[in-house]
Amino acid sequence: MLSRILLVCLSLSVNSAASSLSCRWITDGKFRQHSENYLQLLDTMANNSTNSTEDDEVKNTFPDHLYSQASKASAEDKLAFTAQVLNETSVLFEEDHSSASWEENTVENFVIVVTKQADELRSCIGSHGHKKKNKKLHMYFQRLSSHVLQRMGHSAEAWELIRKEVQFHLMRANQLVTSATRTN
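Residues numbered from 1 in each chain as written. Predicted model: local features only at pLDDT ≥ 70, side-chain atom pairs only at ≥ 80, totals over all residues. Heavy atoms only, no water.

J.: Which residues make up the packing of helix α6 (residues 75-92) against helix α7 (residues 104-125), and what values go with them?
T.: Between α6 and α7, whose axes approach to 9 Å, the crossing angle comes to 155°. Considering their axes alone, α6 and α7 lie roughly antiparallel with respect to each other. Handedness of the crossing formed by α6 with α7: left-handed. Contacts from E76, L79, A80, T82, A83, L86, N87, T89 and S90 of α6 reach α7 at F110, V111, V114, T115, Q117, A118, L121, R122, C124 and I125. (Axes fitted to C-alpha atoms, helices over the stretch in contact; angles between N-to-C directions. Helix = DSSP H or I, 4+ residues; strand = E, 2+ residues; numbered from the N terminus. Parallel < 35°, antiparallel > 145°, perpendicular 65-115°, else oblique. Left-handed = near helix turned anticlockwise from the far one by under 90°. Contact = heavy atoms within 4.5 Å.)

Right, here's the structure in full:
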């Protein structure tokens, strides 16, 4: 009797681990479609008048080690990490961007698509998606807000640095989701 209960528990945990793979949002191509959409919106927001020396300063703080850790994690953890990147991005783009030369509806659409993507990924994870946030990733995005946006007065140049940084994050996060669907 005890062995049957153990077998049922084991079966449930294996099915739960594979649930991210059977996530309709990903398997039906919605994830890819939304990713292409928000990357296109970021391209639309591009402003080519940024000083590249400041861009190097931002790149030197990119949290490669967090993505390395996430790439070695379970499929659920990869999706959770990606959902957090999307949430942090959404919060960042809700700050004052009036100095940026972007059309308001483009920014609104970007935030809507990113938020939808995060929500759908969280639904794929189920109860595992309510784990604690990655504090280091959260602190990194807070530093982008305080050290880039606030110190540069939410200027157009600051927003262009943020746009480029976020674009890189989103591409890396997309790679995590792709690897999550291949590994399990």
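J.: Which residues make up the state of the cysteines, and what values go with them?
T.: Scanning the model with the defined rule gives 1 disulfide in all. Each sulfur in the disulfide pair C23 and C124 lies 1.6 Å from the other. Of the two residues, C23 sits in the loop between α1 (2-18) and α2 (24-27) while C124 sits in helix α7, which places them 101 residues apart along the sequence. When its relative accessible area of 6% is taken as the criterion, C23 is described as buried. (Disulfide = S-S within 2.5 Å. Buried < 20%, exposed > 50% of the residue type's maximum accessible area, 1.4 Å probe, protein only.)

J.: Account for unusual backbone geometry, with residues named and values stated.
T.: Keep in mind that most residues, glycine aside, have a negative phi and that most peptide bonds are trans. Unusually for a residue other than glycine, H154 sits at a positive phi of about 50°. Tracing the sequence through the fold places H154 in the loop between α8 (135-150) and α9 (156-183). H154 gets classed as buried once you look at its relative accessible area, which sits at 16%.

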